[in-house]
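Observations on chain architecture
Chain residues, written in single-letter form:
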Amino acid sequence: MRKMTSIIQSSCSNFFFEYETPRQVLVRNRRVAVVCRIIQLGVLSYIIGWVFMYEKGYQAVDTAISSVFTKMKGVSYTNISEVERIWDVADYVFPEQGDSSFVVMTNYISTVGQKQDTCPELPDGKNKNKCTSDADCDEGKYKRHMTGKCVTNTSTCEIFSWCPVEDDRQIPDPPILQTAENYTLFIKNSITFRQFKVVRSNLVESVDQNYINSCLYHPTTDPLCPIFRLGDIVERSGLNFSDIARVGGAIGVLVDWDCNLDLSIRHCKPNYEFHGLYGTGKNDKVEKPSLGYNFRFAKYYVENNVEKRTLMKVFGVRIDIIVHGRAGKFDIIPTLMAIGSGVGIFGVATVVCDLLLLYLLPKRDFYKSMKFKHTEVQDEKPALPPSQKEKELPKE
Amino acid sequence: MRKMTSIIQSSCSNFFFEYETPRQVLVRNRRVAVVCRIIQLGVLSYIIGWVFMYEKGYQAVDTAISSVFTKMKGVSYTNISEVERIWDVADYVFPEQGDSSFVVMTNYISTVGQKQDTCPELPDGKNKNKCTSDADCDEGKYKRHMTGKCVTNTSTCEIFSWCPVEDDRQIPDPPILQTAENYTLFIKNSITFRQFKVVRSNLVESVDQNYINSCLYHPTTDPLCPIFRLGDIVERSGLNFSDIARVGGAIGVLVDWDCNLDLSIRHCKPNYEFHGLYGTGKNDKVEKPSLGYNFRFAKYYVENNVEKRTLMKVFGVRIDIIVHGRAGKFDIIPTLMAIGSGVGIFGVATVVCDLLLLYLLPKRDFYKSMKFKHTEVQDEKPALPPSQKEKELPKE
Amino acid sequence: MRKMTSIIQSSCSNFFFEYETPRQVLVRNRRVAVVCRIIQLGVLSYIIGWVFMYEKGYQAVDTAISSVFTKMKGVSYTNISEVERIWDVADYVFPEQGDSSFVVMTNYISTVGQKQDTCPELPDGKNKNKCTSDADCDEGKYKRHMTGKCVTNTSTCEIFSWCPVEDDRQIPDPPILQTAENYTLFIKNSITFRQFKVVRSNLVESVDQNYINSCLYHPTTDPLCPIFRLGDIVERSGLNFSDIARVGGAIGVLVDWDCNLDLSIRHCKPNYEFHGLYGTGKNDKVEKPSLGYNFRFAKYYVENNVEKRTLMKVFGVRIDIIVHGRAGKFDIIPTLMAIGSGVGIFGVATVVCDLLLLYLLPKRDFYKSMKFKHTEVQDEKPALPPSQKEKELPKE
């Protein structure tokens, strides 16, 4: 009876004075033991080595909020049919205000003095838009706005449009602004890891004003210099400058921050990478339709009270500055999450060992008898008589 | 004594030759057993079915870095008070260089020939800015720069400004460039999953140059065609083209990539969605202030040595191309994390079953006696005499 | 034999009718018990308090897709050498269409009437580009395109360029458009949490058209007003408006959404923050090279059949609207993940207690004997004779 009372006591008030721990069988079997210890050590070294050391599972992770400012420098000189011309940054960068995505003009087709007027379409060379009489030129039949007249000397329909129409059947080759490869690009990038209250600029400690005035980015000798030669950018992305300068193309400049904030902030430095975009790069296996990059823009002016424009079809290198920032710092939550999951996997190791012990070893029946105790009662059978129950309890 | 020695041995050198496994009671009770097996099967099927199959918990996940280039095509014809005019892409897209966010002009109020001068303010129609004498027009009183004169014939103050002032009291209706709905938009999108070193373009394998030349996006018949009719985009976002063309509006085109990289890369395809932005969409429950979208820009020119400008108040469809990329690929870490957590939840199942067994069943005392062994000693009591301790050990 | 049969039965068909639960020792030791209960309660309160309450570990998390539209308002008046001029939004915002990143011009150096011509370089004041004879001016020697002539009256080389060359040696001080601090910025921001199908605008329920017409953002009195005074933005980012207006600077306006979607959507509101970018802010510890922000753009025109341009070197406040959206909502997967990990950490608590019990307590040998049962057999030794085995089984 003393025992029964103590049981009742324990279940009620002794919660704080009693501690339960699982009873275990110590199996003296070298084969099982070695296998299990190896499994357990494997799990342990996985958790410590891989999750903690390599993947830094003890760190909370934040991605960066970033802001980019760019500035091109350089001048080009052209001499087209004895007309000399100088191109500076206000002439060849679109848009002008230093966005993270911009275009450097390397080639163009300009159509000077367009005004709203009627003029014949250009023959496309394949006689697709050829006309022989006015009947071929129904008003509104095509995408362009036709007047319904067929112009005899060009054998094409007359249209109402900005005239004269642009002739972009031939792209200038070599590109007009081939010297654009010597332009330089200056990138200012500021990132913020909000969770860790860290603000960081790509002009890190070792990059001061003197260094910026003289340096040029090189992956091994000057990996932190924020000034890039346009030709180098194109080449490092796996493209050929002459090709891209002629028909245009897009390049992604990736500013990659992978910071371990458990170390000094000075080690948090950007890494620059260059990729060809839109299926022109070497990593891409698509069939590469739509090579090139071009757009049209117009400079408007008024001449003798008539609005005119100079239409430019611009081919160029489009640069997209893409910032990818990731920082890790020790934090108790992911640490405990990782440990908790690790303990869970430890449980899997135990299950595997038990299966080995209970189903594969020759002496499995013996181990089973050691590990398991059976309650003899079943729902179908009458329960043990109280007397027997009383007797069994003291045994324990 | 032999036993004692073996214990000491085991605790020191036999770590590798001994394996411990918990002793367990096998409870022959259908009710408990069925409940517990069901709970365990539930947990197991949750882990396998939901975490592994549905949520792909065995995959590491990466979000995409992306780059977008856009190109509009199409021509509009207007005839305003007998002045014919053609609008092409250089006239109606802002900015011109093919950004991921741009505006297609659909309506405008133009004020031609503005120059720096003095002119009377426009009456606002509500007599709010009416003046009767110069005393009502204090210099610097209002936001505009007043000269201090009240102009008799308009009954408004004279201001120094770009004159004549813009009259935007009436928005042209129907919109001037209503035909903009037939313009087409071409989207080039390139995404990179850095973690998996995968580069992908929205011009996937089945989209070749021939297809692009002829196709038009349709959600069911041409879901991969990267060419979109402007009217379709507006309509699919739940808006009415005439409304949006008149006062302007913003639409988000979502390019959604959800890739399973355990399959062939060919199955990694974009999905296009269209949303009205800024509270004009049907999903938004806000009270919709500030409908419409407009901005002003100026074309500057010099006439007779006087700088003049044509001010345009542009209403248009603003398109924001938003890329959302997510890729999953098998990785050992998340797999083991999921398994580890799953084993942990298995532990919860066991706890629930034990509570059932030990507190709810009629024979709970019997099961308790099977499961628990008590150490009789307590700190308050004297420890068991050595003799008794010696006796108890062999029993085990 | 009855027992043996039941074992075979159980292992085959009775899987569903048998339930196993670990046998445990209840240790009556206050010291151990109290320590262990405290550890367990600590783990439990960590899981409930920290993971669930504070970190909301029961929520699935999504980041926002966002779209931003901005609109500046305000007029400036300048009077430079008796030339009056009014600057409105079409004059001072770049780009004009209301992007999330734009520049407000606050100062400029304009060079009117540039044309392609030859003219002498400007002396740099340090005699670095001084020439005494034509020999100092080799064609192509420098970055600019030289004609090879030394101009006597300026003692600098003649270049072919846009002439006259820009003189940016002196930045106007005070800034020409100092009154820009009174401009206002209106921000429209729309965010989408795709996973939860929630669309939200920064014009929340309490921000209606009347409120927008009259309000001005203030962190405490009007935290939701989407209209900001430019001077306030600059000041709140820790910079001085006069400085930034003179040489330019970049400011990030962070629209921060941290939404708990388990509550009403009305509580999902934006929070605005202001940061100086590019190393000019107070939080940044870098050495601040490259202060300031400027870019050049040109307005082209044709005069007497000669293409001319007005070059503007623009200094201004660059505003980057950065949206950071994060929403959490109850989800079964992260809940179970957290619980599973928690149970795993519980296991760690048990291990710690066991170490205490088995290695540190004075009566550790007694507890060991209670917890562990030894299998006497080893691979090297002969197995127990069947008779003994039979005897041991009934004991259990």
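Residues numbered from 1 in each chain as written. Chains lettered and ligands numbered in written order. Predicted model: local features only at pLDDT ≥ 70, side-chain atom pairs only at ≥ 80, totals over all residues. Heavy atoms only, no water.

**Thoughts on the environment of Met146 of chain A**
With respect to the element layout, Met146 of chain A can be found in strand β9 (residues 146–151). C-alpha of Met146 of chain A to C-alpha of Tyr108 of chain A: the two residues are 38 residues apart in sequence and 27 Å apart in space. (Helix = DSSP H or I, 4+ residues; strand = E, 2+ residues; numbered from the N terminus.)

**Remarks on the sheet that holds strand β2 (residues 24–27) of chain C**
The strand order across the open sheet formed by three strands is β1(A)-β2(C)-β18(B), and the pairing between neighbours is mixed. Each edge of the open sheet is held by one strand with a lone partner, namely β1 (19–22) of chain A together with β18 (372–374) of chain B. For this sheet, the mean angle separating the axes of adjacent strands, direction not counted, is 30°. Across the sheet, helix α8 (residues 364–371) of chain B lies against β18 of chain B together with β2 of chain C, angled at about 70° from β18 of chain B, the strand it touches most. (Pairing = 2+ DSSP bridges. Axes fitted to C-alpha atoms, helices over the stretch in contact; angles between N-to-C directions. Contact = heavy atoms within 4.5 Å.)

**Notes on the packing of aromatic side chains**
Going through the model one piece at a time under the given rule, you end up with 42 aromatic pairs over all chains. Measuring from ring centre to ring centre gives 5.1 Å for Trp87 of chain B and Tyr108 of chain B, while their planes differ by 50°; the resulting arrangement is tilted. Within this pair, whereas Trp87 of chain B is found in strand β6 (residues 83–87), its partner Tyr108 of chain B is found in strand β8 (residues 101–120), the two being separated by 21 residues in sequence. We note that Trp87 of chain B, like Tyr108 of chain B, is buried. In this structure an aromatic cluster arises from ring pairing among Tyr217, Phe228, Tyr272 and Phe274 of chain A. For Arg85 of chain A, the ring lying beneath its charged end belongs to Trp87 of chain A, and the centroid distance is 4.2 Å. A cation sits over an aromatic face here: Lys299 of chain A above Tyr300 of chain C, 4.0 Å from the ring centre. (Phe/Tyr/Trp six-rings, centres within 6.5 Å; stacked < 30°, edge-to-face > 60°. Buried < 20%, exposed > 50% of the residue type's maximum accessible area, 1.4 Å probe, protein only. Lys NZ or Arg CZ within 6 Å of the ring centre and 35° of its normal.)

**Digging into the relation of the copies chain A and chain B**
The pair of chain copies shares a relation made of a rotation about an axis and a shift along it. At an RMSD of 0.1 Å, chain A and chain B line up after a rotation of 120° and a shift of 0.0 Å along the axis. On the angle and the small slide along the axis, the relation comes out as a three-fold axis. (Least-squares fit on C-alpha atoms with pLDDT ≥ 70 in both.)

**A look at the side chain of Gln24 of chain B**
Relative to the helices and strands, Gln24 of chain B is located in strand β2 (residues 24–27). Those residues in contact with Gln24 of chain B that lie beyond four places of it in its chain are Lys371, Phe372 and Lys373 of chain A together with Glu20, Thr21, Pro22 and Arg23 of chain C.

**What to know about the UniProt feature "glycosylation site" (unreviewed entry) in chain A**
All names here are of chain A. Mapped onto this numbering, the UniProt entry annotates "glycosylation site" (unreviewed entry) at Asn182. Residue position: Asn182 is located in the loop between β10 (156–163) and β11 (184–193). Its relative accessible area of 49% is what places Asn182 among the partly exposed residues. (UniProt positions renumbered as here; feature names shortened; annotations may be inferred.)

**Section: the nonpolar core**
Soluble globular proteins tend to bury their nonpolar side chains together. With 50 residues, the main nonpolar core has Met72, Tyr92, Met105, Leu185 and Ile319 of chain A as its most contacted residues. The leading source of residues in this core is strand β17 (residues 306–330) of chain A, at six residues. (Core = buried A, V, L, I, M, F, W, Y, C linked by side-chain atoms within 4.5 Å.)

**Structural notes on the interface of chain A and chain B**
Contact residues are listed per partner, giving 88 residues for chain A and 77 residues for chain B. Note on chain A versus chain B: buried area summed over both sides is about 8,000 Å², and carbon and sulfur give 56% of it. Counting across the interface, chain A meets chain B through six salt bridges. Close ionic contact of Glu307 of chain A with Lys299 of chain B constitutes a salt bridge, the shortest N to O distance being 3.1 Å. Linking chain A to chain B there are 18 residue pairs in polar contact (both at pLDDT 80 or more). Of the residues forming the side of chain A that touches chain B, the biggest block, ten residues, is contributed by helix α2 (residues 30–54) of chain A. For the side of chain A that touches chain B, the residue count by class is 41 nonpolar, 20 polar and 27 charged. Sheet analysis places strand β18 (residues 372–374) of chain A next to β2 of chain B, joined by three bridges and oriented parallel. Note that in β2 of chain B the partner of Lys373 of chain A across the bridge is Val25 of chain B. (Buried area = accessible area lost by both parts, 1.4 Å probe. Salt bridge = Lys/Arg side-chain N within 4 Å of Asp/Glu carboxyl O. Polar contact = N/O pair within 3.5 Å; in protein donor to acceptor, adjacent residues only side chain to side chain. Nonpolar A, V, L, I, M, F, W, Y, C, P; charged D, E, K, R; others polar.)

**Comments concerning α2 of chain A**
Along its length, α2 of chain A reaches its greatest deviation from straightness, about 25°, at Tyr46 of chain A. Every buried residue of α2 of chain A is accounted for by Val32, Ala33, Cys36, Arg37, Gln40, Val43, Tyr46, Ile47, Val51 and Phe52 of chain A. Here the buried face of α2 of chain A lies against α7 (332–360) of chain A together with β1 (19–22) and α7 (332–360) of chain B. Downstream of α2 of chain A by one or two residues, Lys56 of chain A has phi in the positive range, about 50°. (Bend = angle between axes of the 7 residues up to and from the residue.)

**Looking at the pairing of strand β14 (residues 249–260) of chain B**
All names here are of chain B. A large share of β14 lies buried, amounting to ten of its twelve residues. In the sheet, β14 pairs with strand β17 (residues 306–330) via twelve bridges, with the strands oriented parallel. Across the sheet, residue Asn260 finds its bridge partner in β17, namely Gly328. Relative to strand β15 (residues 270–276), β14 runs antiparallel, the two being bridged by seven bridges. Pairing of Leu254 across the sheet is with Glu273, part of β15.

**Details of the state of the cysteines**
Structurally, a disulfide amounts to a covalent bond that connects the sulfur atoms of two cysteines. For the structure on display, the rule yields twelve disulfides over all chains. The disulfide bridge from Cys259 of chain A ends at Cys268 of chain A, spanning 1.8 Å between sulfur atoms. Judged by the sign of its S-S torsion, about 70°, the bond between Cys259 of chain A and Cys268 of chain A is right-handed. Disulfide pairing is shown between Cys119 of chain C and Cys163 of chain C; the S-S distance is 1.8 Å. (Disulfide = S-S within 2.5 Å.)

**With respect to unusual backbone geometry**
Phe94 of chain A connects to Pro95 of chain A through a cis peptide bond whose omega is -10°. One can find Pro95 of chain A in the loop between β7 (93–94) and β8 (101–120). For the bond running from Asp173 of chain B to Pro174 of chain B, omega is 0°, close enough to zero to count as cis. Structurally, Pro174 of chain B can be placed in the loop between β10 (156–163) and β11 (184–193). The phi torsion at Glu82 of chain C lies on the positive side, around 65°, for a residue other than glycine. Tracing the sequence through the fold places Glu82 of chain C in the loop between β5 (76–80) and β6 (83–87). Non-glycine residue Lys197 of chain C carries a positive phi angle of around 55°. Positionally, Lys197 of chain C belongs in the loop between β11 (184–193) and β12 (198–201). By relative accessible area, which is 75% here, Lys197 of chain C ends up exposed.

**As for the pairing of β11 of chain A**
Residues and elements named next belong to chain A. The buried fraction of β11 amounts to nine of the ten residues, a majority that puts the element mostly inside the structure. The pairing of strand β4 (residues 65–73) with β11 spans nine bridges and is antiparallel. Residue pairing for β11: Lys73 is matched across the bridge by Thr184. Sheet topology places β11 next to strand β13 (residues 227–229); three bridges connect them, and they run antiparallel. Across the sheet, residue Phe186 finds its bridge partner in β13, namely Ile227. With four bridges joining them, β11 and strand β12 (residues 198–201) adopt antiparallel strand pairing. Within the sheet, the bridge partner assigned to Phe193 lies in β12 and is Val198. Where β11 folds back on β12, the antiparallel hairpin that results is connected by four residues, among which Lys197 adopts a positive phi of roughly 55°.

**Some points on the UniProt feature "transmembrane region" (unreviewed entry) in chain A**
Residues and elements named next belong to chain A. Following the UniProt record, the feature "transmembrane region" (unreviewed entry) maps to residues 32–53 and 336–361 here. In residues 32–53, helix accounts for 100% and strand for 0%; the two terminal C-alpha atoms are 30 Å from one another. What you have in residues 336–361 is 96% helix and 0% strand, and the ends, taken at the C-alpha atoms, are 37 Å apart.

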